[in-house]
Amino acid sequence: MYVFLHYSDRPHYNMTTSKNTSPACTADFERPPGEFFFGNARFVNQTPLTYSLSVRERFGDWIEFSAFFAPVTVRWYQLTHPCAVEHVLQKHQNRYRKPDLFNDSVGLMTGNGILTSEGEQWMHNRRLAQPAFHRQHISTLADLMVGCCDELLQKWQKLDDGSVIDLHKELVGLTFNIAGQALFGADLGHDGTGFGDALRDAFEFINYKMTNYPMTPPLWLPLKRNQHFKEAKNQLDTVVLKIIEQRRHNNFSQNDFLGLLLNARDEVSGEGMNDQQLKDEAITLLVAAHDTVAAALSWTFYLLAKNPLEDRNFYDEVSGALAGQSPNLQMMEKTPYAKMVFEEALRLYPPAWGQPRQALVDDEIEGRHLPKGAIISLSQWVTHRHPEFWDKPETFLPERFSQQNSASRPRFAYFPFGGGSRVCIGQHMAMMEGQIALCAIGSRYRFELTEEVTPDPTFTLIPKGGLHVRLRRRA
Ligand code: HEM
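To keep things clear, this report deals only with the structure shown in the data block. (Residues numbered from 1 in each chain as written. Predicted model: local features only at pLDDT ≥ 70, side-chain atom pairs only at ≥ 80, totals over all residues. Heavy atoms only, no water.)

## Focus: the site of the ligand
Thinking step 1. Contacts to the ligand come from 25 residues, most closely from Trp-122, Arg-126, Arg-357, Arg-422 and Cys-424.
Thinking step 2. At a separation of 2.9 Å, an oxygen atom of the ligand approaches a polar side-chain atom of Arg-422.
Thinking step 3. Every element with two or more residues in the shell around the ligand is listed here: helix 5 (119-129), helix 12 (275-306), strand 5 (355-359) and helix 17 (427-442).
Thinking step 4. For the shell around the ligand, the leading source of residues is helix 12, giving five residues.
Thinking step 5. For the shell around the ligand, the per-class residue count stands at 16 nonpolar, five polar and four charged. (Near = heavy atom within 4 Å. Polar contact = N/O pair within 3.5 Å; in protein donor to acceptor, adjacent residues only side chain to side chain. Helix = DSSP H or I, 4+ residues; strand = E, 2+ residues; numbered from the N terminus. Nonpolar A, V, L, I, M, F, W, Y, C, P; charged D, E, K, R; others polar.)

## Section: the environment of Pro-48
Thinking step 1. Topologically, Pro-48 is positioned in helix 2 (residues 48-59).
Thinking step 2. C-alpha separation for the pair Pro-48 and Asn-212, spaced 164 residues apart in sequence, amounts to 13 Å.

## Considering the sheet that holds strand 2 (residues 76-79)
Thinking step 1. If you walk across this open sheet you meet the five strands as 1-2-8-5-3, and the pairing is mixed. Each of the sheet's edge strands pairs with one partner strand only, and the pair in question is strand 1 (62-65) and strand 3 (96-97).
Thinking step 2. When strand 1 meets strand 2, the two strands line up antiparallel, connected through four bridges. By the bridge assignment for strand 2, Glu-64 is matched with Tyr-77. (Pairing = 2+ DSSP bridges.)

## What to know about unusual backbone geometry
Thinking step 1. Phi at Ala-323 is positive, roughly 45°, even though this residue is not glycine.
Thinking step 2. Taking relative accessible area as the criterion, Ala-323 reaches 58% and is therefore assigned exposed.
Thinking step 3. Phi angles above zero are rare outside glycine, and Lys-392 is one such case at about 40°.
Thinking step 4. Along the chain, Lys-392 turns up in the loop between helix 15 (380-383) and helix 16 (403-406). (Buried < 20%, exposed > 50% of the residue type's maximum accessible area, 1.4 Å probe, protein only.)

## Considerations on the coordination of the iron atom of the ligand
Thinking step 1. Just one protein atom donates to the iron atom of the ligand; it is Cys-424 (SG), sitting 2.3 Å from the metal.
Thinking step 2. Take Cys-424: it is sitting in the loop between helix 16 and helix 17. (Donors = N, O, S within 2.8 Å, 3.2 Å for Na, K, Ca; no water.)

## Let's talk about the side chain of Glu-317
Thinking step 1. Tracing the chain through its elements places Glu-317 in helix 13 (residues 308-322).
Thinking step 2. Look at Glu-317: it is buried, it has no salt bridge, and the nearest opposite charge is Arg-474 at 11 Å.
Thinking step 3. The residues contacting Glu-317, other than those within four sequence positions of it, are Lys-334, Thr-335, Pro-336, Tyr-337 and Ala-338. (Lys, Arg positive; Asp, Glu negative; His and termini not counted. Salt bridge = Lys/Arg side-chain N within 4 Å of Asp/Glu carboxyl O. Contact = heavy atoms within 4.5 Å.)

## So, the pattern of salt bridges
Thinking step 1. Taken as a whole and assessed by the stated rule, the structure comprises 26 salt bridges.
Thinking step 2. The partner of Arg-75 in a salt bridge is Glu-64, and the shortest N-O contact between them spans 2.5 Å. Remark: Glu-64 occurs in strand 1 and Arg-75 occurs in the loop between strand 1 and strand 2; sequence separation between them is 11 residues. By the burial criterion, Arg-75 is buried, and Glu-64 matches it.
Thinking step 3. Through salt bridges with shared partners, a single ionic network connects Asp-28, Arg-31, Glu-64 and Arg-75.

## Structural notes on the state of the cysteines
Thinking step 1. The tally for this structure, following the rule as stated, stands at zero disulfides.
Thinking step 2. Counting only cysteine sulfurs, Cys-148 is the nearest neighbor of Cys-149, a cysteine outside any disulfide, at a range of 7.1 Å. (Disulfide = S-S within 2.5 Å.)

## Things to note about the environment of Ser-269
Thinking step 1. Assignment of secondary structure puts Ser-269 in the loop between helix 11 (257-263) and helix 12.
Thinking step 2. The spacing of Ser-269 and Pro-416 is 147 residues in sequence and 32 Å in space, taken between C-alpha atoms.

## Brief notes about the packing of helix 9 (residues 195-211) against helix 10 (residues 224-249)
Thinking step 1. As a packed pair, helix 9 and helix 10 sit with axes 8 Å apart at the nearest point and diverge in direction by 135°. It follows that helix 9 is oblique to helix 10 by the angle criterion. Seen along the crossing, helix 9 lies across helix 10 with a hand that is left-handed. Across the interface between the two elements, Phe-195, Ala-198, Leu-199, Asp-201, Ala-202, Phe-205, Ile-206 and Tyr-208 of helix 9 pack against Arg-225, Asn-226, His-228, Phe-229, Ala-232, Gln-235, Leu-236, Val-239 and Val-240 of helix 10.
Thinking step 2. Here the contact of helix 9 with helix 10 is composed, by residue class, of 12 nonpolar, three polar and two charged. (Axes fitted to C-alpha atoms, helices over the stretch in contact; angles between N-to-C directions. Parallel < 35°, antiparallel > 145°, perpendicular 65-115°, else oblique. Left-handed = near helix turned anticlockwise from the far one by under 90°.)

## Details of the sheet that holds strand 9 (residues 445-449)
Thinking step 1. One open sheet accounts for three strands, arranged 4-12-9; its pairing is antiparallel. Looking at which strands have only one partner, the edges of the open sheet turn out to be strand 4 (164-166) and strand 9. Here the average twist between neighbouring strands, direction ignored, is 45°.
Thinking step 2. As defined by bridge partners, strand 9 adjoins strand 12 (residues 468-473) across five bridges and the pair is classed as antiparallel. Pairing of Glu-448 across the sheet is with Arg-470, part of strand 12.
Thinking step 3. Contacting strand 4, strand 9 and strand 12, helix 7 (residues 142-157) crosses the sheet at an angle of about 65° to strand 9.

## A look at the environment of His-428
Thinking step 1. Among the secondary structure elements, His-428 is positioned in helix 17.
Thinking step 2. Counting along the chain gives 293 residues from His-428 to Arg-135, while the straight-line C-alpha distance between them is 7.0 Å.
Thinking step 3. When neighbours within four sequence positions are excluded, His-428 is seen to be in contact with Arg-135 and Ile-138.

Structure below.
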């Protein structure tokens, strides 16, 4: 869920220069050399993962990038120290917002939902949605998750041992199924409305918009790609609005997310959501919920495939805890290693691999002046590999997440779900779903990679070209 921070992000604040004017500011940012005309912009856009890591290694945690027109438009920073992450996401979160380059692109699909709204509108949305994410409600989803995993396993049962599958694609199908049922009580992948295809098409368009921001033609131009997106979006809206309308008339009290959102009232204003808001929120949740968890699970199985010792530890624990049964909620306490495996995968391959912010006011951070309007790039990808906080950062070591080993680590050395008041609303659901699916699938199968995979930094960090593996039934 990262966006490439572009030099020409539309500034809508009065920009100041980054000249250090405050007497309290005693330090300055490092400025890695860039190219003539483009500054650092092309490096960041074209190879964001390797470039952001390499500049941190060479220049440290406090970086100012240069870019075409930067001195008169917008300043652009990469901050990778946990104290900077804490400053921006939590301690002084009211001084920052998500930049337009994120809200404008993603908002084409999610409208004014929680993910892309700001200020009062966001607060209203979040207050209404929060009760649906209460641990108590989330724990009622366990059986549904297990059921969806069983369905997938039954499908694989028909395949020969050693068959090659695209595991990432299979897991996207699984998490989409779970999200659709948790949200609408419906299997949107196979409901005959073409909803799943429309969502994938719209998602692809958003990826394209974000990775090329702001160099894409406006949506009103009658281009094939624009047209295709508009049709997909129209289909999504029509299906969701129809479900909402049916719910309003028939089955108001169904206990899925939509049912809870339909009944939700803002404790401050007493207002509920109208159909447009409900539709935006439902699409937001579908988008935010399924791709991220599918990516996290894909990387988890990838890492287990590459690390036989850890895979053996995982299997010993999970086969003992399940004893041939499907997972359930109680089992989660008996599989702490599986949880650590999932957490370590979220460290090495965070689905939300970066978070952009924009400064609403002049600010000071660790003695450095950040001007109003500055674009800030926080990067899970880089901070999760910071050698000051992670021993052997590139190595897969689930034990890092034992209580004892985590105790001395700064809170924001690890932030796969963000932080502050905009922390991921679905993090408990994601952790539960991750652990359940990992145990359900991992207790029955292990996977052999048929080829090496590299991470693709799209909206979420996914395996480039899919994750092709050979299915191997566990003994
Ligand atoms: C492994 C899975 C997941 C990861 C890594 C993840 C990560 C994140 C991150 C980093 C943010 C903060 C974005 C920002 O502030 O810039 C976020 C926000 C959000 N996530 Fe997740 N997420 C996951 C799963 C889910 C699930 C399952 C749901 C819903 C069912 C969900 C719904 C949301 C929503 C609605 C927001 C916006 C919250 C707000 O702005 O108030 N996410 N997520």
